[in-house]
Structure formats: C-alpha cells, structure tokens
Amino acid sequence: KHPLEIPLPSEEDWLKEDEEDFFLQDPDRKREALPQPFRMINKLVMLVFENAMEIIERREMLQEAQKLKDHPTKCLPTAGFQVTGVANCLAVSGKYIFVGLSLGLAAFRVPDCKEVCVWDAVNTEICAIHASDLGNECHVLLAVDGTGLVYLFCFQKENFLLIKILNEMEDVTKRSTCVEVLLSSGGDYAGVLLQGNTKAWLEIYRLPKDSWLKETEKNPGAAAGLTCRERSSHTGSFLLQESLVSASRTDARPSLPVLLLKVKPPRPISGSSFKSPVEALKKVDDGSMLGLGYNHLIKDSQWEQQEAIFCSTYQEYLETVGERESKEEIPRHATFNFLLPSRILPVGPEMKVKPDLPAGISVHWDGSHNLCLYLLNRALKEKVDSDPKPDVVWPCAAPIACSAVSSCSRYLALACEDATVTIWDKHLGYPLSVTAILEERHIRSIHFL
C-alpha cells in the first residue's frame, strides 16, 4: 500500500575497519563467523602463536647480542706425546714435564715433546707429583704411589736418581700412608703429612740441594740402580719407537734429606695436674707469646661441673640422640704452607735468613682454632723432638676450615667454619680485611688468583 522506504543508516550499521573489504575477500559469504566455542578456541590458538613468535624474536636478539661480545681465544694443542699406560698426574718444572704413569714415572722435554727418561724400577703406580727447579738443569721431585709411599728423586742430565723413600718401613704393619706432600719454592724444604692406624703427624725435611748439585757435577751420569728408557720419534709426534738405554751406575751415594720437625695434632685440653700456681708458672715460657692452653689450673671436676650446668641450662636445645665423641686421638688432616721471612715470624737478628728462602711454616689441624707457626732455622739434633712447641700461635674465634698463601708469600688468607675470611699482610703484621659471608655456607677451599 505504501512504497518501501530505505531506512537511514545508523552507527550500528557502520562497517568496522577489519570489515571494509569483506566483500572483496569473501563475496559469496562462504566463510561465516565461527560459532562458540570455536571462536574461543581460535583466539587461544592465535594467542599461542603470538607468544611463540615473541619468544623466538627475543632469543634471536639474545643470540645476536652474544655474537657481538668478545669470546675467549681458543688455544689448540700445538704438539702431543704418547705415554705407556695411563697418565695419572703431571708436573712442570723448567723445560721438562714429569708424568706419573700406571707403571712408573716419565720425563718429557717441552720443546719437542720427546720422552727422555722413564723410571719403572719397582713397577708402582704414581698418583701425585710435585717438582721444583733447583737450577743448573737439576730438579727435585716428590712422587706418591698408590700405596702411600713417598719417593724423593733428583733429576739431572735427563736421568732419575732415587734419593730416598721417606716413609719406608721394614714392618708393613707399622708403615704410614702419605696424605699430602708439599715442596717449597726453590726446593729447599719438603713437607709430608703422614697417617698411621691411630694417629697422624707432619714431617718437615730440609733438602741438601747444594750437595746434590755438587755431587751431580762430579758424577754427571749417576743414577744409582735405576733404569732409564730413551725413546725417539721417527714418524711424527704421536708415533714413538722404543729403544732401551741403560743408565750408568756409580758407587757414589747422594746426600739424604734431614728431618727438621715432626708435628703432631694438638692434644685435647684436659684438667690440670698442677697443685699450685707456682708449679704451673714454671712450665710457662717468658710469657711473650700465646700458647696452646695446656698450662692452666682448671681441674677435671671444674670441667665436669661447668658441663653439667651448661647441659641443665640448655637441655631443650641440645640433641639427646647420639653418643658422645670419643676423646681418643684419631687420624686428622692438616693444612700447611711454607712462609718467607716476615714480621709475623719471630726471627732474631742473630739468625741469618734469605728473603727468598722459607723461614717458617704455618700449620692448622682440622677442628682446631689455632694457627701454629714453626721456624725452620733450627739447629740439627740427633733425635728430632716428636712434639715441638710452636713459635707463634694465632687463636681464631672459630675453627679454621682452610688457608692459603699468595704466590708472592706476602698475604695469608684464613677461612673459618663460621664463614669469615681474613686476609693478613705478613710483612706488616696486621689484617687487611675481614669478610663475613651472610649466608651460612661452609668454606672448603680458598685460593689467590
């Protein structure tokens, strides 16, 4: 009855930006809008793809940034050498490399990687080597085998000379086992930490390197009772042929090392046996230094009374499970370092010391609060004191966990079990810094870089 009127357009009928060209993309309207729940699934899938693309772009940016950074120089091997058996350890001294093998000891020359000498007289496995250059193409070596024996060698004129087995005993049941060895810089002293069935101790030896140099100059071919094998290469640095060369033998015997100190672990502090203070004062030195705390007037009954009061007061905090630790002496481990002359060592003006020669040694045992210093400039005795008193005692607030000496031997670092690290200047005689690690962590080792 009435003509159809075209309604006026409204905002609801306006085309959206993404729908302006819908008629060009789908003129037949074959792709309709997805119904639920497919629209939600479509959005989730698209969101996953967008997040994945962002992660990929971020990783590509990090890779590009990593390429722009400076990378350490890669050092490729310039030469190589083969050994007989398995190589367990090695040490470098001068122009020689000493390798501990599954059967014996071998020496290689650094420039051409040529094997110059092999020691396998007893067919023993070498597990650790320490070497030091004595000068005049002479070297001193300490080698430890699989059974804990310590071999002292002198290497000169490309020959091994066995000086002595330091802890050799005829009775195998009384033989001690080496736990750790240490050579001083320059090869003047050697320290060996030994452990028996029920005890442990530290032995310090003075090495007569001057006598060795003179003896080897007089007898350049000395190699008492040893056999060396010289090997030459004909097809390259990795293919070696063997030729046997017998070492010359002489009747000259080298000078033996001298035992200076035999340090034992500190005894646990027990009750006093002194009857009067005067008797205790007679055991004390001049009082110029701190001791280990053995000379006191506290009786066993006083220790027991103090322990009873402590246990009754803090009973709820103490652990009730477990047995009390035995007071018997058990094998313990020690850390020791050779020290050059400094103000912390009481070296008198009458003692002649050299600035590059160790003047003392620092020792601390596991679980001990005290750092003990012993002087090495001692008069030689027929019988070595089995329990010498330390020349200096440094007490710490907590048991010492580990210690280290810098390469210049000026700085001494002490790390205690309460996670505090103290750096001492040995030349000046005072601490440079004390650092406490906030988190409760146990420091196992410390090193100077």
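Here the structure is a predicted model, which is why all the values come from computation and not from measurement.

Turning next to the overall build of the protein chain. On a plain count of helices and strands, the protein chain comes out with five helices and 22 strands. Burial statistics for the protein chain: of 449 residues in total, 34% are counted as buried. In the protein chain, the share of contacts with a sequence separation of at least 24, taken over all contacts with a separation of at least 6, comes to 53%. Split by element, the accessible area of the protein chain, about 30,300 Å² in all, is 54% carbon and sulfur.

What follows concerns the packing of aromatic side chains. Here the structure, examined in full by the defined rule, presents 11 aromatic pairs. Relative to phenylalanine 160, the ring of phenylalanine 155 lies with its centre 4.9 Å away and its plane at 55°, an arrangement referred to as tilted. Here the aromatic cluster, defined as three or more aromatic residues joined through ring pairs, consists of Tyr96, Phe98, Trp119, Tyr151, Phe153, Phe155 and Phe160. A cation over an aromatic ring shows up here: lysine 199 above the ring of tryptophan 201, its NZ or CZ 5.7 Å from the ring centre.

The next thing to look at is a negative patch on the surface. Together, Glu50, Glu54, Glu57, Glu60 and Glu64 make up a region of like negative charge exposed at the surface. With respect to the helices and strands, the residue glutamate 50 is situated in helix α2 (residues 38–68). Here glutamate 50 falls in the partly exposed class, since its relative accessible area comes to 46%.

With that settled, the discussion passes to the pairing of strand β11 (residues 200–206). Residues in a regular strand point their side chains to alternate faces of the sheet. In terms of residue burial, β11 counts as a mostly covered element, since six of its seven residues are buried. Sheet analysis places strand β10 (residues 189–195) next to β11, joined by seven bridges and oriented antiparallel. Its bridge partner being in β11, alanine 190 is matched across the sheet by tyrosine 205. In this structure, the hairpin formed by β10 and β11 is closed by a connection of four residues.

On to unusual backbone geometry. Even without being a glycine, lysine 157 presents a positive backbone phi close to 55°. Tracing the backbone through its elements, the reader meets lysine 157 in the loop between β7 (150–156) and β8 (159–165). Since its relative accessible area comes to 45%, lysine 157 is described here as partly exposed. Despite not being glycine, serine 409 shows a phi value in the positive range, around 65°. With respect to the helices, strands and loops of the structure, serine 409 is situated in the loop between β19 (400–405) and β20 (411–416). Classification of serine 409 by relative accessible area gives buried; the value is 5%.

Ordered by their spatial adjacency, four strands build an open sheet running β19-β20-β21-β22, and the pairing between neighbours is antiparallel. Only two strands of the sheet have a single neighbouring strand rather than two, namely β19 and β22 (430–436). Looking at each pair of strands side by side, their axes are set apart by 15° on average, direction ignored.

Attention now moves to the environment of serine 93. By the element assignment, serine 93 lies in strand β1 (residues 87–93). Residue serine 93 is classed as buried on the basis of its relative accessible area of 4%. Sequence separation of serine 93 and cysteine 138 is 45 residues, and the distance between their C-alpha atoms is 9.6 Å. Residues within four places of serine 93 in sequence aside, it is in contact with Phe98, Ala131, Ser132, Asp133 and His139. Looking at serine 93, its side chain comes within polar contact range of the side chain of histidine 139, at 2.7 Å.

With that out of the way, let us pick up the sheet that holds strand β6 (residues 138–145). Strand order across the open sheet formed by four strands is β5-β6-β7-β8, with antiparallel pairing between neighbours. Of all strands in the sheet, those with a lone pairing partner are β5 (126–135) and β8, marking the two edges. If you compare each strand with its neighbour and ignore which way they point, the axes differ by 25° on average. For β6 and β7, the ladder comprises seven bridges, and the chain directions are antiparallel.

A full pass over the atoms with the stated rule returns five salt bridges. Note that arginine 109 and glutamate 158 form a salt bridge whose closest N and O atoms lie 2.6 Å from each other. Here the residue arginine 109 occupies a position in strand β3 (residues 104–109), and glutamate 158 occupies one in the loop between β7 and β8, the gap between them amounting to 49 residues. By relative accessible area, which is 18% here, arginine 109 ends up buried. Overlapping salt bridges, with partners in common, bring together Arg109, Asp112 and Glu158 in one network.

Moving on, we come to the confidence of the model for the protein chain. Overall, the prediction assigns the protein chain a mean pLDDT of 77, with 74% of residues at 70 or greater. Looking over the protein chain, one finds the lowest element-wise mean pLDDT in strand β13 (residues 240–245), namely 32, and the highest in β10, namely 93. Here residues 222–251 scores under 50 on pLDDT; set against residues more than four positions off or in separate chains, the count is 59 contacts. Low pLDDT, under 50, characterises residues 321–329; the stretch is placed with five contacts to residues that sit more than four places away or in other chains.

Along the polypeptide, alanine 87 turns up in strand β1. We classify alanine 87 as partly exposed; its relative accessible area is 46%. Along the backbone, alanine 87 and valine 99 are 12 residues apart, and their C-alpha atoms lie at a distance of 6.5 Å. What alanine 87 contacts, discounting residues up to four positions off in sequence, is Val99, Gly100 and Leu101.

Side chains of nonpolar character tend, in soluble globular proteins, to be buried together. Within the largest apolar cluster, 22 residues are counted, with the highest numbers of intra-cluster contacts made by Leu142, Val150, Val192, Leu207 and Trp212. When neighbours within four sequence positions are excluded, valine 150 is seen to be in contact with Leu142, Ala143, Val144, Lys164, Ile165, Leu166, Asn167, Cys178, Val181 and Val192.

Analysis parameters
- Residues numbered from 1 in each chain as written.
- Predicted model: local features only at pLDDT ≥ 70, side-chain atom pairs only at ≥ 80, totals over all residues.
- Heavy atoms only, no water.
- Helix = DSSP H or I, 4+ residues; strand = E, 2+ residues; numbered from the N terminus.
- Buried < 20%, exposed > 50% of the residue type's maximum accessible area, 1.4 Å probe, protein only.
- Contact = heavy atoms within 4.5 Å.
- Areas by Shrake-Rupley, 256 points an atom, 1.4 Å probe, with all protein chains shown as cover.
- Phe/Tyr/Trp six-rings, centres within 6.5 Å; stacked < 30°, edge-to-face > 60°.
- Lys NZ or Arg CZ within 6 Å of the ring centre and 35° of its normal.
- Patch = residues over 30% accessible without salt bridge, like charges linked within 9 Å, V, L, I, M, F, W, Y side chains within 5 Å.
- Salt bridge = Lys/Arg side-chain N within 4 Å of Asp/Glu carboxyl O.
- Lys, Arg positive; Asp, Glu negative; His and termini not counted.
- Charge placed at Lys NZ, Arg CZ, Asp CG, Glu CD.
- Pairing = 2+ DSSP bridges.
- Axes fitted to C-alpha atoms, helices over the stretch in contact; angles between N-to-C directions.
- Polar contact = N/O pair within 3.5 Å; in protein donor to acceptor, adjacent residues only side chain to side chain.
- pLDDT = per-residue confidence, 0-100.
- Core = buried A, V, L, I, M, F, W, Y, C linked by side-chain atoms within 4.5 Å.

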